[in-house]
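A closer look at the structure
Here are the chains, one letter per residue:
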Amino acid sequence: MNRFVTFIFCFGLLSTFTTSMARAQAVQDFHSYANPAAVRVRHLDLDWNVLFDQKILKGTAVLTVQRVSQTEPLILDTRDLQIEKVETSVDGVVYSAGTFTVGSSDKILGAPLTIPLPAKANRVRIHYSTSPGASGLQWLEPAQTAGKKDPFVFTQSEAIHARSWIPTQDTPQVRVTYTARVRTPRRLLAVMSAENLSGTARDGDYSFRMRQAIPSYLIALGVGDLRFRSLGPRTGVYAEPPLIDLAAKELSDTEKMVVATERLYGPYRWGRYDILVLPPSFPYGGMENPRLTFATPTILAGDKSLVSLVAHELAHSWSGNLVTNATWRDFWLNEGFTVYLERRILEAVYGRGREEMEAALGLRDLKEELANLEDRDEILHIDLKGRDPDDGSTDIPYEKGALFLRHLEQTFGRAPFDRFLQSYFNHFAFQSITTDQFVAYLKQNLLDSNPALAAKVPIDEWINQPGLPASAPQPTSTAFTRVEEQARLWLRGELTAAKIPAAAWTTQEWLHFLKTVQDEVSVPTSREGDRVKAADRMVELDQAFHLTRSGNSEIAFQWLLMSIRNRYEPANQRLEEFLMTIGRRKFIKPLYEELAKTPEGKERALAIYRQARPTYHPIAVTTIDDVLKWSGQ
Ligand SMILES: [Zn+2]
């Protein structure tokens with residue numbers, strides 16, 4: 001057993017350690033002020049009123065703590081919380097007034113909340129409220145929802161935003177169980193990443209319990225006019241009334257995906273798997289909150305072509321929620337494994353061809369990203385000290401991480417690698433681990449059994465070096481080869497757009513076609529003749545396939561990106577609508593970046609952003625402020 005495992009997880013043993021020993025064995029998380037080696041939060045009892053008029057949560061958090069040190073204070077992470085008072089207790093019944101100090105606030109980390117603990121005190125009750133600008137909460141006006149009648153609020157805690165709505169040790173190496181009581185306006189329903197204890201009766205008073213210990217970044221709350229539809233014995237979907245039918249239809253393979261994943265990687269350990277479809281300002285594709293994935297409505301394409309997102313978030317129930325990164329520099333352990341699992345689930349449910357297309361698209365995106373990143377950001381085991389952990393959320397942890405696992409699978413064979421993954425998930429279940437722990441386990445349980453094969457995978461290069469090893473797999477897709485042939489014929493003028501046999505193309509084939517022709521259509525020079533040619537080609541494609549009007553968010557995004565590059569004006573209005581209604585960072589960041597490349601484009605971008613900014617999530621606002629160097633114009 002390696003040293004980190006001993007420290008983090010064998011809590012019974014821990015109490016026999018001296019403080020200094022425990023200290024020496026702690027994994028340092030540069031993104032938390034907390035001191036779990038001395039005092040560790042084990043359980044939360046949360047109680048809030050959801051106040052839409054003030055855009056705040058107001059209430060109490062009772063923290064049950066385990067003390068290794070009897071002399072040191074409890075140190076928590078906070079950001080923009082209004083702390084009214086703090087009480088401590090030795091029995092959870094009688095509380096007495098306590099003292100606290102809030103340290104100076106750092107732009108990235110927020111402020112430490114330090115609470116001295118009297119002898120034997122093991123509970124702390126904090127009376128507090130959040131700020132209207134809390135980075136982990138988005139408050140939506142009725143106009144920003146699908147139903148337009150009621151307000152909506154939802155959380156996004158990953159990476160370090162839980163501290164903006166819960167005073168706790170906001171590091172992935174501290175796992176807590178929790179209960180919550182949430183009071184809302186009567187018409188609305190509250191849901192959390194937990195068991196719902198009060199059924200679906202709408203009385204504005206909801207109770208929740210999470211029995212499995214989870215890191216703070218997986219605590220989640222959503223409140224709105226929500227309906228529920230069952231998708232299977234343990235799966236279901238929540239969405240606003242106008243979206244619930246579409247969502248239930250689109251996500252009807254969810255139960256099948258859970259079964260397929262269990263066959264590959266062992267039992268689903270979280271009880272239910274439900275999905276909450278959020279309003280379109282949700283800044284991510286999905287968030288793997290346990291028992292309740294949060295998802296963007298932009299995956300509802302009408303043909304199940306974008307449900308890879310569900311496979312991804314479901315996969316996190318093993319890679320991420322069950323075995324978690326101990327710090328944010330180990331983030332690839334969450335995301336690389338999850339992208340690898342996602343593609344295995346898609347293969348099991350939709351066949352090998354679908355998996356090949358997703359993997360080939362993934363490699364293409366990764367190569368594009370590698371062309372633009374600095375060396376330090378191309379490393380799986382990235383150094384994020386002094387930086388916002390959200391900066392590490394590039395294609396590197398996702399696609400490079402998945403490619404590394406694909407390399408291991410191809411080298412050692414699928415069956416042995418599957419056995420390795422199953423044992424890995426079992427061995428580290430409900431633990432938060434470091435990259436070093438993974439590498440040690442990999443050596444012991446896969447590499448050492450066959451040194452000749454192990455020599456073919458440059459482990460250190462994969463994990464600690466920028467770029468890709470020369471021996472990295474190059475996933476290809478036979479369907480894509482056919483698409484490339486069509487693209488070539490069209491670009492050479494040997495085929496008109498109308499004659500391209502695209503009627504049965506999947507979203508993935510469309511994306512590959514557009515990305516293939518994009519480089520050829522786009523003319524980055526100012527040569528007038530070339531620009532005219534590019535514009536003609538855009539017109540021809542649009543007339544044949546109505547791409548400007550595409551309701552598929554991925555295809556629309558790719559087309560709009562091309563439209564900006566080629567100054568294709570008929571798409572201007574659609575671009576504005578898209579940026580005004582969708583807040584998913586994956587889409588809006590590249591679009592604003594592309595616009596900002598020319599002075600006219602930048603001006604347009606600022607004009608759109610001025611209107612759209614108040615409707616975006618705080619996380620998206622931080623990103624786009626940076627892209628456009630926004631200073632409140
Ligand atoms: Zn993920």
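Look up a bit, the structure's there.
Residues numbered from 1 in each chain as written. Predicted model: local features only at pLDDT ≥ 70, side-chain atom pairs only at ≥ 80, totals over all residues. Heavy atoms only, no water.

**Things to note about the overall build of the protein**
Scanning the protein from N- to C-terminus turns up 21 helices and 22 strands. For the protein, whose C-alpha radius of gyration is 25 Å, the value lies close to the compact-globule estimate of 26 Å for 633 residues. Seen through its principal axes, the protein has C-alpha atoms that stretch 85 × 65 × 50 Å. By the burial criterion, 61% of the 633 residues in the protein qualify as buried. Considering the protein, the positive charge centre built from 73 side chains and the negative charge centre built from 76 side chains are found 3 Å apart. (Helix = DSSP H or I, 4+ residues; strand = E, 2+ residues; numbered from the N terminus. Rg over C-alpha atoms; globule rule 2.2 N^0.38 Å. Buried < 20%, exposed > 50% of the residue type's maximum accessible area, 1.4 Å probe, protein only. Lys, Arg positive; Asp, Glu negative; His and termini not counted. Charge placed at Lys NZ, Arg CZ, Asp CG, Glu CD.)

**Topic: the sheet that holds strand β6 (residues 101-102)**
Sheet architecture is open: three strands sit in the order β3-β7-β6, paired in antiparallel fashion. Edge positions in the sheet fall to β3 (74-78) and β6, since each has one partner strand and no second. (Pairing = 2+ DSSP bridges.)

**Topic: the pairing of strand β4 (residues 82-89)**
Where β4 meets strand β8 (residues 123-129), seven bridges bridge the pair, whose relative direction is antiparallel. Counted as the bridge partner of Ser-89 is Arg-123 from β8. As judged from the two bridges shared by β4 and strand β5 (residues 96-97), these two strands associate in the antiparallel manner. Its bridge partner lying in β5, Glu-87 is registered against Ala-97.

**Things to note about helix α6 (residues 308-315)**
The buried fraction of α6 amounts to eight of the eight residues, a majority that puts the element mostly inside the structure. Taken together, the buried positions of α6 are occupied by Ser-308, Leu-309, Val-310, Ala-311, His-312, Glu-313, Leu-314 and Ala-315.

**Here we look at the nonpolar core**
Membership of the largest hydrophobic core comes to 141 residues, with the highest contact counts inside it found for Phe-404 and Phe-438. Here the element with the most residues in this core is helix α7 (residues 331-350); it accounts for nine residues. With near-sequence residues (within four places) excluded, Phe-438 lies in contact with Trp-332, Leu-333, Phe-337, Phe-404, Phe-420, Tyr-424 and Ile-433. (Core = buried A, V, L, I, M, F, W, Y, C linked by side-chain atoms within 4.5 Å. Contact = heavy atoms within 4.5 Å.)

**Some details on the packing of aromatic side chains**
Applying the stated criterion to the full structure yields 40 aromatic pairs. With centroids separated by 5.2 Å and ring planes inclined at 50°, the aromatic side chains of Trp-505 and Phe-513 adopt a geometry described as tilted. The two residues Trp-505 and Phe-513 agree in class, both being buried. Sitting above the plane of the Tyr-350 ring, Arg-354 keeps its charged end 5.1 Å from the centroid. (Phe/Tyr/Trp six-rings, centres within 6.5 Å; stacked < 30°, edge-to-face > 60°. Lys NZ or Arg CZ within 6 Å of the ring centre and 35° of its normal.)

**Considerations on the coordination of the zinc ion**
Each protein donor to the zinc ion is listed here as His-312 (NE2), His-316 (NE2), Glu-335 (OE) and Glu-335 (OE); together their distances run 2.1 to 2.6 Å. Around the zinc ion sit four donor atoms, and with donor-metal-donor angles ranging over 54 to 152° the site reads as irregular. In terms of primary sequence, the donors binding the zinc ion are separated according to H-x3-H-x18-E. Of this pair, His-316 sits in the loop between α6 and β21 (323-325) while Glu-335 sits in helix α7, and the two are 19 residues apart along the sequence. Both residues of the pair, His-316 and Glu-335, count as buried. (Donors = N, O, S within 2.8 Å, 3.2 Å for Na, K, Ca; no water. Tetrahedral: all angles 85-135°; square planar, octahedral: opposite > 155°, others 65-115°.)

**A few points about the packing of α7 against helix α10 (residues 414-427)**
As a packed pair, α7 and α10 sit with axes 14 Å apart at the nearest point and diverge in direction by 130°. The pairing of α7 with α10 is recorded here as oblique in orientation. Between α7 and α10 lies a crossing whose hand is left-handed. On α10, the residues touching Leu-333, Phe-337, Tyr-340, Leu-341, Arg-344 and Glu-347 of α7 are Arg-414, Phe-417, Asp-418, Leu-421, Tyr-424 and Phe-425. Residue composition of the contact of α7 with α10, by class: eight nonpolar, no polar and four charged. (Axes fitted to C-alpha atoms, helices over the stretch in contact; angles between N-to-C directions. Parallel < 35°, antiparallel > 145°, perpendicular 65-115°, else oblique. Left-handed = near helix turned anticlockwise from the far one by under 90°. Nonpolar A, V, L, I, M, F, W, Y, C, P; charged D, E, K, R; others polar.)

**Re empty space enclosed by the protein**
Where empty space is left can be seen by rolling a probe of water-molecule size over the atoms. Taken as a whole and judged by the stated rule, the model has three cavities of 30 Å³ or more. In this structure, the largest cavity encloses a volume near 90 Å³. What lines the largest cavity is a set of 13 residues, among which Arg-343, Glu-399, Ala-402, Leu-403 and Arg-406 lie closest to the centre. Mapped by element, the contributors of at least two residues to the lining of the largest cavity are α7, α8 (352-372) and α9 (395-412). (1 Å grid on protein atoms, 1.4 Å probe; cavity = no way out; pocket = protein on both sides within 12 Å on 5 of 7 lines; lining within 4 Å. Points joined across faces, edges and corners; volume = space filled by probe spheres on them.)

**Thoughts on the sheet that holds strand β13 (residues 195-196)**
Reading across from one edge, β5-β4-β8-β2-β1-β11-β14-β13 is the order of the eight strands in this open sheet, with mixed pairing throughout. Among the strands making up the open sheet, the edge pair consists of β5 and β13.

**Quick notes on helix α11 (residues 435-447)**
Look at α11: only 16 Å from first C-alpha to last across 13 residues, short of the 18 Å you get at 1.5 Å a residue. Within α11 the residues assigned to the buried category are Thr-435, Gln-437, Phe-438, Val-439, Tyr-441, Leu-442, Leu-446 and Leu-447. (Expected span 1.5 Å × (residues − 1).)

**Some points on the pattern of salt bridges**
If you walk through the whole model with that rule in mind, you get 38 salt bridges. The closest approach of N and O atoms between Arg-229 and Asp-245, which form a salt bridge, is 2.9 Å. Taken together, the residues Arg-229 in strand β16 (residues 227-232) and Asp-245 in helix α4 (residues 241-250) connect sequence positions 16 residues apart. Arg-234 is the partner of Glu-255 in a salt bridge, and the nearest nitrogen-oxygen pair spans 3.2 Å. With Glu-255 in helix α5 (residues 254-265) and Arg-234 in the loop between β16 and β17 (235-239), the pair connects residues that are 21 residues apart, well separated along the chain. With relative accessibility at 12%, the residue Glu-255 sits in the buried group. (Salt bridge = Lys/Arg side-chain N within 4 Å of Asp/Glu carboxyl O.)

**Considering the side chain of Glu-378**
The residue Glu-378 is located in the loop between α8 and α9 in this model. The side chain of Glu-378 sits in the buried core without any salt bridge; Lys-400 is the nearest counter-charge, 6.1 Å away. Of note is the side chain of Glu-378, whose polar atom sits 2.9 Å from the backbone nitrogen of Gly-467. Filtering out sequence-adjacent residues up to four positions away, Glu-378 remains in contact with Leu-370, Leu-373, Ile-396, Lys-400, Gln-465, Pro-466 and Gly-467. (Polar contact = N/O pair within 3.5 Å; in protein donor to acceptor, adjacent residues only side chain to side chain.)

**Observations concerning the environment of Thr-130**
Tracing the sequence through the fold places Thr-130 in the loop between β8 and β9 (137-140). Residues Thr-130 and Ser-164, 34 residues apart in the sequence, show an inter-C-alpha distance of 6.8 Å. Excluding its chain neighbours within four sequence positions, the residues that come into contact with Thr-130 are Ile-56, Leu-57, Asp-80, Leu-81, Leu-137, Ser-164 and Trp-165. Within the local environment of Thr-130, its side chain forms a polar contact with the backbone nitrogen of Leu-57, the two atoms lying 2.9 Å apart.

**Side note on unusual backbone geometry**
The amide bond that connects Glu-158 to the next residue, Ala-159, takes the cis arrangement and shows omega of 0°. Its place among the elements puts Ala-159 in the loop between β10 (152-155) and β11 (175-183). A positive phi angle, close to 70°, is found at Lys-120, a residue other than glycine. Mapped onto the elements, Lys-120 comes out in the loop between β7 (111-115) and β8. The phi dihedral of Arg-291 falls on the positive side, at around 70°, and the residue is not glycine. Topologically, Arg-291 is positioned in the loop between β19 (286-287) and β20 (292-295).

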